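Now for the letters of each chain:
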Amino acid sequence: MKKLQLCTVGLSLLYIPQSFADITFNGFASIRASQINSDGGSAPFGDFKDGEISFKDESLFALQASADLTEGLTATIQFYADGLNDFDVEARWAYISYQLADNHSISVGKLANPTFHQSEYQKVGYAHNFSRLPKAVYEEFPFSTVEGISLNSQFELIDGDYTLDTKLLYGSWNGDISLGGVGTSELGLKDIFSVNATLSGDWWKIFTGAFTAEMKAESVDANSYIPAIQPGIQAALSLGATQSDVSKFTDAVIWNKKDGLYWFTGFGIDYDDWLLDFEYTNYGVKDSVDAANKNWYLALGRRFDSYVITIHAEESEQPADYDFLNGVNHPVLQATGKGLQGVIAESEFDGYGISLRYDFHPSAALKVDYFTGEHQLTNIGDYQIMSIGVDLVF
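The residue numbering used here restarts from 1 in each chain and proceeds along that chain's sequence as written. With the structure being a predicted model, the display of local features is reserved for residues of pLDDT at least 70 and the display and counting of side-chain atom pairs for 80 or more, all residues being used for whole-chain, interface and lining totals. Where side-chain values are given, they derive from all heavy atoms of the structure, hydrogens and water being excluded.

### Describing unusual backbone geometry
Move 1: Of note in the backbone geometry, aspartate 191 takes a positive phi value of approximately 55° without being a glycine.
Move 2: As for its placement among the helices and strands, aspartate 191 is situated in strand β9 (residues 184-200).
Move 3: With a phi close to 55°, aspartate 305 is a non-glycine residue in the positive phi region.
Move 4: Runs of E in the DSSP output that reach at least two residues are strands. Runs of H or I that reach at least four are helices, and both are numbered from the N terminus. Structurally, aspartate 305 can be placed in the loop between β13 (293-304) and β14 (307-317).

Written out as structure tokens, the structure reads:
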């Protein structure tokens, strides 16, 4: 019902007399068949099912409507549906924009969250040469959209030889997150501050960005972290730990009221039909059991007329960092904290892939992909993903 109400509100916002606004429709879609197999029998990523050929896991559709209200004011809404959610339609974006000047625009509403370099257009398969953007970097974060305000700017440098694009964003997000197989928990991101910058020339670009937010995570702590450390706390109390020791330890572990920090950097080269892309990301919750996740991918491609062949490598790791236990002295509590961090880090994986893209139409690309790697979890182990599909824009 909520999604239907959102769609109704969005359409009503765009119902403007023809004499006042021009409405433009465009969209994108991916129709893909994929299969994944693993030695352990479990899929390495949540948006796949092991052993099955599926036309739903990676298929999606989106329709975007933009109303030009003249004098620099526009209203935009994007309706989105994917196979993972049985193609239930949701209003993914809904915002108004105003052109402050030739190189500055401001937007307010439900906006894309530019977590990493391509996050805003992560779902638009036609925009890149992969069947899916590398999972080590572009996993499915639930806070891919936020409610807030953003400022987009573009600057021409050195007589127009270089271009600097920047984006500033402030906002918030509230929703559900799944951690540790204990179901979903409510999570909020308060006071999101984000800054991104891309400097580009004729055949290259370099980029960087970051965002920080205060975690509203009482539910996450109560459902995941507090139950996980209770056996260790009871053991420590039986061995002489004080309530003060326990309080310090608990405060060191939990997320609530801590700052989440996400940042990225990388480069892209498109020179003489050779393509080279690299991105590194780092994120975690400061002063908590959640050590920094350190992820990267490197891709090399070659364009042959309407064909592009790409090979890439990627890795996701979460190295141990016990600084959050600096104020914890009891050995049992220290061991409990280290053990919990080790369990969290079991989601580490690496992978290698090859992709073929064929632009058989000005607005559509056929893609064939093979990806293989190793996951740290024993119920996954070595895995392979094969897929074939079409990405299009309209």
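### Topic: the packing of aromatic side chains
Move 1: Classification of ring pairs rests on two measures: the distance between centres of Phe, Tyr or Trp rings, Trp counted by its six-membered ring, which must be within 6.5 Å, and the angle between planes, read as stacked under 30 degrees, edge-to-face over 60 and tilted in between. Here the structure, examined in full by the defined rule, presents 27 aromatic pairs.
Move 2: Relative to tyrosine 262, the ring of phenylalanine 141 lies with its centre 5.8 Å away and its plane at 85°, an arrangement referred to as edge-to-face. Of this pair, phenylalanine 141 sits in the loop between β6 (104-112) and β7 (145-157) while tyrosine 262 sits in strand β11 (residues 259-271), and the two are 121 residues apart along the sequence.
Move 3: Exposed residues in this analysis have more than 50% of their type's maximum accessible area, buried residues have under 20%, and partly exposed residues fall in between, with area computed by a 1.4 Å probe over protein chains only. Assessed through its relative accessible area of 13%, phenylalanine 141 is described here as buried.
Move 4: With a centroid separation of 4.9 Å and 50° between ring planes, the pair formed by tyrosine 170 and phenylalanine 193 is classed as tilted. On the criterion of sequence distance, the pair formed by tyrosine 170 in strand β8 (residues 162-178) and phenylalanine 193 in strand β9 is long-range, its members being 23 residues apart.
Move 5: An aromatic cluster of three or more residues is present, and its members are Phe116, Tyr138, Phe141, Phe143, Trp173, Phe207, Phe211, Tyr262, Phe264 and Tyr283.

### As for the pattern of salt bridges
Move 1: Salt bridges, as used here, are contacts in which a Lys or Arg side-chain nitrogen is within 4 Å of a carboxyl oxygen on Asp or Glu. In this structure the tally under the stated criterion is ten salt bridges.
Move 2: Between glutamate 58 and arginine 132 there is a salt bridge, with its nearest N and O atoms 2.6 Å apart. Here the residue glutamate 58 occupies a position in the loop between β2 (53-54) and β3 (60-68), and arginine 132 occupies one in the loop between β6 and β7, the gap between them amounting to 74 residues.
Move 3: A salt bridge links arginine 132 to aspartate 369; its shortest N-O distance comes to 3.1 Å. One end of the pair, arginine 132, is in the loop between β6 and β7; the other, aspartate 369, is in strand β16 (residues 364-375), and 237 residues separate them in sequence.

### With respect to the packing of helix α2 (residues 218-238) against helix α4 (residues 331-344)
Move 1: Axis angles are defined between N-to-C directions and span 0 to 180 degrees, where every axis is a line fitted to C-alpha atoms and, for a helix, only to the segment in contact. As a packed pair, α2 and α4 sit with axes 9 Å apart at the nearest point and diverge in direction by 155°. Looking at the two axes, α2 sits roughly antiparallel to α4. For the element pair α2 and α4, the recorded crossing hand is right-handed. Within the contact between the two elements, α2 uses Tyr225, Ala228, Ile229, Gly232, Ile233, Ala235 and Ala236 and α4 uses Val332, Leu333, Thr336, Leu340 and Ile344.
Move 2: Each residue is assigned to one of three groups, with Ala, Val, Leu, Ile, Met, Phe, Trp, Tyr, Cys and Pro labelled nonpolar, Asp, Glu, Lys and Arg labelled charged, and all others, Gly among them, labelled polar. Tallied by class, the residues present in the contact of α2 with α4 amount to ten nonpolar, two polar and no charged. Roughly parallel here means an angle under 35 degrees, roughly antiparallel means over 145, roughly perpendicular means 65 to 115, and every remaining angle is called oblique. Crossing handedness is defined as follows: a turn of the near helix away from the far one that is anticlockwise and smaller than a right angle gives a left-handed crossing, while the clockwise case is right-handed. Throughout, a contact is declared for two residues whenever any of their heavy atoms are within 4.5 Å.

### Let's talk about helix α3 (residues 243-253)
Move 1: Turning to α3, its buried residues are Val246, Phe249, Thr250, Ala252 and Val253. One side of α3 holds all its buried residues, which, seen down the axis, span an arc of 160°.
Move 2: Residues of α3 that are buried sit in contact with α2 and α4. Working definition: the arc comes from the directions between the helix axis and the C-beta atoms, pointing outward to the latter.

### Looking at the pairing of β14
Move 1: Two strands pair if DSSP finds at least two bridges between them. In the sheet, β13 pairs with β14 via eleven bridges, with the strands oriented antiparallel. Its bridge partner lying in β14, tyrosine 297 is registered against glutamate 314.
Move 2: Between the end of β13 and the start of β14, which pair antiparallel, lie two residues, with aspartate 305 showing a positive phi angle near 55°.

### Comments concerning the confidence of the model for the protein chain
Move 1: Here the protein chain shows a mean pLDDT of 92. Residues at 70 or above account for 93%.
Move 2: Confidence scores labelled pLDDT are given residue by residue by the predictor and lie between 0 and 100. Low confidence marks residues 1-13, where pLDDT is under 50. Its contacts with residues over four positions away, or in another chain, come to eight contacts.

### So, the pairing of strand β15 (residues 349-361)
The side chains of a regular strand alternate between the sheet's two faces.
Move 1: Bridge analysis of β14 against β15 gives ten bridges, and the strand direction is antiparallel. Considered in β15, the bridge of serine 316 is made with phenylalanine 349.
Move 2: Direction of pairing for β15 relative to β16: antiparallel, over a ladder of eleven bridges. In the sheet register, aspartate 350 faces β16, and the bridge partner there is glutamate 374.

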